[in-house]
Amino acid sequence: MQKVAVIGAGTMGNGIAHVFAQNGYTVNLIDVSAAALEKAIQTIGKNLDRQVAKGTVTEEQKAQTLANITTVTTIPDGVKEAALVVEAATENVALKLKIFQDLDQHAHPDAILATNTSSISITKIAAATKRPAKVIGMHFMNPVPVMKLVEIINGYATDKSVTREITALSEKLGKVPCVVNDYPGFIANRILMPMINEAIYSLFEGVAGVAEIDTVMKLGMAHPMGPLQLADFIGLDVCLSILNVLHDGFGNPKYAPCPLLVNMVTAGYLGVKSGEGFYKYTPGSKDLVVSPRF
């Protein structure tokens, strides 16, 4: 498994491509947007520069990592020789189902098809293909080059040999794999998103302010980042999407997203990606400033 294809050149996709390429795999990074691919390569280069500055990689290793990545704008050209395809497109059910239908048609019959989805059913995605036994969840954490965890999710029909192979591969990438089963939110987001939602409810109900809520969780629970700042980092639209998956999947009102979160997403206040969420973000500044709306 030396040839890997990664679909999606966004934050997760370029991070996944970075990690595979740095570990000696040849990677086709696929996106319909040539501009997105160019930006992704620039991002990977900057992240490698940080690693060089820290002494964790050499200039030669940086050059080889970048040389291991080829950018491609179509799925048929990008996946035909890959032993593994990792989909990291937008967290949208219809889009992912369409991608996996295309992958099933164009990828090698023996190729493993993995998805980086953070909440969408692996079983549902696998059902869009004629090879459900070879479909698996491979949920990396952001930022991918830094975070050790890979949440490996078995669909209902995922073959055990595929699970073993992806587990071993994750370890070769220097990651810590955790195998879980396919239920809404898996483990990471089934636990994380209700906590974030409760933090938003605490703000919504006037229990405490943004900084106070995050400080309690950082200093009281030893979290490196408060839940509201983390929500901004993840993207409030992504948080809302995952909560809706949990709410729809379990039918339990405890997963209902806070109205404040719904309003913020509707208004376009998505966190870091939009420049403002619970905090206000200024390019070039590392200061954490609470949004004046709160």
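Residues numbered from 1 in each chain as written. Predicted model: local features only at pLDDT ≥ 70, side-chain atom pairs only at ≥ 80, totals over all residues. Heavy atoms only, no water.

(A) Representation of a positive patch on the surface in the model. Together, K39, K46, R50, K54 and K286 give the surface a local cluster of positive charge. Within the element layout of this structure, K46 appears in helix α2 (residues 34–54). (Patch = residues over 30% accessible without salt bridge, like charges linked within 9 Å, V, L, I, M, F, W, Y side chains within 5 Å. Areas by Shrake-Rupley, 256 points an atom, 1.4 Å probe, with all protein chains shown as cover. Salt bridge = Lys/Arg side-chain N within 4 Å of Asp/Glu carboxyl O. Lys, Arg positive; Asp, Glu negative; His and termini not counted. Charge placed at Lys NZ, Arg CZ, Asp CG, Glu CD. Helix = DSSP H or I, 4+ residues; strand = E, 2+ residues; numbered from the N terminus.)

(B) Inspection of the sheet that holds strand β1 (residues 3–7) at higher detail. Spatial strand order, β3-β2-β1-β4-β5-β6-β7-β8: eight strands in an open sheet with mixed pairing. Each edge of the open sheet is held by one strand with a lone partner, namely β3 (69–72) and β8 (176–181). For this sheet, the mean angle separating the axes of adjacent strands, direction not counted, is 25°. Relative to strand β2 (residues 26–30), β1 runs parallel, the two being bridged by five bridges. Bridging from a neighbouring strand, A5 pairs with N28 of β2. Here helix α5 (residues 93–106) sits on the sheet in contact with β1, β4 (84–87), β5 (112–115) and β6 (135–140), set at roughly 165° to β5. (Pairing = 2+ DSSP bridges. Axes fitted to C-alpha atoms, helices over the stretch in contact; angles between N-to-C directions. Contact = heavy atoms within 4.5 Å.)

(C) Quick look at the packing of helix α10 (residues 227–234) against helix α11 (residues 236–250). Closest axis-to-axis distance for the α10/α11 pair is 5 Å, and the angle between their directions is 95°. As summarised for this structure, α10 and α11 are arranged roughly perpendicular, according to the angle between their axes. Where α10 approaches α11, its residues A231, D232 and I234 are matched on the opposing element by L236, V238 and C239. Split by residue class, the contact of α10 with α11 holds five nonpolar, no polar and one charged. (Parallel < 35°, antiparallel > 145°, perpendicular 65-115°, else oblique. Nonpolar A, V, L, I, M, F, W, Y, C, P; charged D, E, K, R; others polar.)

(D) The arrangement of the packing of α11 against helix α12 (residues 259–267) in detail. Closest axis-to-axis distance for the α11/α12 pair is 9 Å, and the angle between their directions is 130°. Classified by the angle their axes make, α11 and α12 are oblique. Where α11 crosses over α12, the two elements pack in a sense that is left-handed. On α12, the residues touching L236, D237, C239, L240 and L243 of α11 are L261, V262, M264 and V265. Looking at the contact of α11 with α12 residue by residue, the classes come out as eight nonpolar, no polar and one charged. (Left-handed = near helix turned anticlockwise from the far one by under 90°.)

(E) Seen up close, α5. For α5, which comprises 14 residues, the first-to-last C-alpha distance of 20 Å matches the rise-based estimate of 20 Å (1.5 Å per residue) to within 8%. On its buried side, α5 packs onto β1, α4 (75–79), β4, β5, α6 (122–126) and β6. You can read the cap of α5 off the contacts: a side-chain oxygen lies 3.1 Å from the backbone nitrogen of A94, and it is on N92. (Expected span 1.5 Å × (residues − 1). Polar contact = N/O pair within 3.5 Å; in protein donor to acceptor, adjacent residues only side chain to side chain.)

(F) Seen up close, the UniProt feature "binding site: NAD(+)" (unreviewed entry) in the protein chain. UniProt annotation of "binding site: NAD(+)" (unreviewed entry) refers to G8, A9, G10, T11, M12, G13, D31, E91, K96, S118, N142 and K273 when read in the numbering used here. With respect to the helices, strands and loops of the structure, G13 is situated in helix α1 (residues 11–22). Residue classification places G13 among the buried residues on the basis of a relative accessible area of 0%. Those residues in contact with G13 that lie beyond four places of it in its chain are V6, G8, L29 and A88. Here K96 is to be found in helix α5. A relative accessible area of 1% means that K96 is categorised as buried. Contacts of K96, omitting those with residues within four sequence positions, involve E87, A89, T90, E91, T115, T117, I120 and I125. (UniProt positions renumbered as here; feature names shortened; annotations may be inferred. Buried < 20%, exposed > 50% of the residue type's maximum accessible area, 1.4 Å probe, protein only.)

(G) Examining the nonpolar core more closely. Within the largest apolar cluster, 32 residues are counted, with the highest numbers of intra-cluster contacts made by I16, F20, L29, L84, M138, F140 and I166. It is α1 that provides the largest number of residues to this core, a total of six residues. Every residue in contact with M138, bar those within four places of it in the chain, is listed here: F20, V86, A114, T115, N116, V150, E151, I166, L169 and S170. Ranked by size, the runner-up nonpolar core spans 24 residues in total, among them A199, I200, I213 and M264. (Core = buried A, V, L, I, M, F, W, Y, C linked by side-chain atoms within 4.5 Å.)

(H) View of the UniProt feature "site: Important for catalytic activity" (unreviewed entry) in the protein chain. Mapped onto this structure's residue numbering, the UniProt feature "site: Important for catalytic activity" (unreviewed entry) falls at H139. Within the secondary structure layout, H139 lies in strand β6. H139 gets classed as buried once you look at its relative accessible area, which sits at 6%. Setting aside anything within four residues of it in sequence, one finds H139 in contact with T115, N116, T117, S118, L149, V150, E151, I153 and N189.

(I) Molecular detail of the pattern of salt bridges. On inspection of all chains with the given rule, the structure shows eight salt bridges. The partner of D49 in a salt bridge is K62, with the nearest N and O atoms 2.6 Å apart. One end of the pair, D49, is in helix α2; the other, K62, is in helix α3 (residues 59–67), and 13 residues separate them in sequence. The exposure class assigned to D49 is partly exposed, which follows from its relative accessible area of 37%. Put simply, D102 and K98 hold a salt bridge, and the shortest N to O gap is 2.8 Å. Remark: K98 and D102 occur in helix α5; sequence separation between them is four residues, near one turn of the helix. Taking the relative accessible area as the measure of exposure, K98 reaches 43% and is therefore partly exposed. In the salt-bridge network here, residues are joined through shared partners; they are E87, E91 and K96.

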